[in-house]
Amino acid sequence: MPPNKQYNRDDALKAAMALFWRQGFESTTYDDLVQETGASRYGLYGDFGDKRDLYLAALDRYRDVMVTALLGELDRRDAGLDALFAYFQRLGDGKLHPTRCPGCFLAQAAVETANHDEDVAKRVRAHFARQRRSFRRALENAKQDGSLPKAIDPERYAELLVALVQGLAVMAASGTPKKKLVLAVEAALAPLLEKSA
């Protein structure tokens, strides 16, 4: 008879996500995952499959929980500049990352595994597309209500903001001081604060 699983599936997935985020996919062993989650090897295999399957599930959890919380009202159809600025404030505060892992788990996946794993690459591309859509919609709404400076093109600026966020994630993961990251955000957002002509 198989052993009873003495753990909570969501807690185990949360712990696995934090471990993959800290150590990366290649450096994390299944034994590490068993120890970190408090689950039996049988329990993890039964619920998630092999290490790669668990990694994909962890990326999905990050997308569904962490990214959704970070985007917040920016995900709404009526989001405008206030929602965009609030997003970058949350990004800077770092309060939505209880794992205390620096940077973005999906950005890490983009660098480490997306170039040789199409399932990871699809998740990374979908993440970038979601950011792009949210930024563009907020900028387009601001253009319609007159709060966006006329010189700003929503589509082009949305691309810039996606690149900014991913660059910030890599810099944060490498230990760049927060002060320097804040300076980059302030410089990127400054044109949005200029009065419309």
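Residues numbered from 1 in each chain as written. Predicted model: local features only at pLDDT ≥ 70, side-chain atom pairs only at ≥ 80, totals over all residues. Heavy atoms only, no water.

**Overview of the nonpolar core**
Logical step 1: In terms of nonpolar packing, the biggest core is built from 59 residues, with Phe88 and Phe135 touching the most fellow members.
Logical step 2: Top element by residues in this core is helix α4 (residues 51–71). It accounts for 11 residues.
Logical step 3: Setting aside residues no more than four positions away along its own chain, phenylalanine 135 makes contact with Leu74, Leu84, Tyr87, Phe88, Ala158, Leu161, Val162 and Val165. (Core = buried A, V, L, I, M, F, W, Y, C linked by side-chain atoms within 4.5 Å. Buried < 20%, exposed > 50% of the residue type's maximum accessible area, 1.4 Å probe, protein only. Helix = DSSP H or I, 4+ residues; strand = E, 2+ residues; numbered from the N terminus. Contact = heavy atoms within 4.5 Å.)

**What to know about helix α6 (residues 105–112)**
Logical step 1: Along α6, the residues classified as buried are Phe105, Leu106, Ala107 and Ala109.
Logical step 2: Looking at the buried positions of α6, the neighbouring elements they touch are α1 (9–23), α4, α7 (118–145) and α8 (154–173).

**Description of α1**
Logical step 1: In a regular helix each residue adds 1.5 Å, so 15 residues correspond to 21 Å; α1 covers 21 Å between its end C-alpha atoms and thus fits that length.
Logical step 2: Every buried residue belonging to α1 is among Ala12, Leu13, Ala15, Ala16, Met17, Ala18, Leu19, Phe20 and Trp21, and all of these are buried.
Logical step 3: The N-terminus of α1 is capped by asparagine 8, whose side-chain oxygen sits 2.9 Å from the backbone nitrogen of aspartate 10.
Logical step 4: Phi for glycine 24, located one or two positions after α1, is positive at around 85°. (Expected span 1.5 Å × (residues − 1). Polar contact = N/O pair within 3.5 Å; in protein donor to acceptor, adjacent residues only side chain to side chain.)

**Some details on the packing of aromatic side chains**
Logical step 1: In total, this model carries 11 aromatic pairs according to the counting rule given.
Logical step 2: Taking 6.0 Å as the distance between ring centres and 25° as the angle between the ring planes, the aromatic pair formed by tryptophan 21 and phenylalanine 105 counts as stacked. Of this pair, tryptophan 21 sits in helix α1 while phenylalanine 105 is found in helix α6, placing the two residues 84 residues apart along the sequence. This pair shows no difference in class: tryptophan 21 is buried, exactly as phenylalanine 105 is.
Logical step 3: Note on tyrosine 87 and phenylalanine 88: the rings are 5.0 Å apart at their centroids and 90° apart in plane angle, and the pair reads as edge-to-face.
Logical step 4: Judged by relative accessible area, which is 1%, tyrosine 87 ranks as buried.
Logical step 5: With a relative accessible area of 5%, phenylalanine 88 lands in the buried category.
Logical step 6: One residue, lysine 51, lies across the ring of phenylalanine 25, its end atom 4.2 Å from the ring centre. (Phe/Tyr/Trp six-rings, centres within 6.5 Å; stacked < 30°, edge-to-face > 60°. Lys NZ or Arg CZ within 6 Å of the ring centre and 35° of its normal.)

**Some thoughts on the pattern of salt bridges**
Logical step 1: All told, the structure shown has 13 salt bridges when counted by the stated rule.
Logical step 2: The salt bridge involving arginine 61 is made with aspartate 10; its shortest N-O contact spans 3.6 Å. Within this pair, whereas arginine 61 is found in helix α4, its partner aspartate 10 is found in helix α1, the two being separated by 51 residues in sequence.
Logical step 3: Assessed through its relative accessible area of 11%, arginine 61 is described here as buried.
Logical step 4: Close ionic contact of arginine 63 with aspartate 64 constitutes a salt bridge, the shortest N to O distance being 2.8 Å.
Logical step 5: One network of salt bridges, with partners in common, ties together Asp60, Arg63, Asp64 and Arg123. (Salt bridge = Lys/Arg side-chain N within 4 Å of Asp/Glu carboxyl O.)

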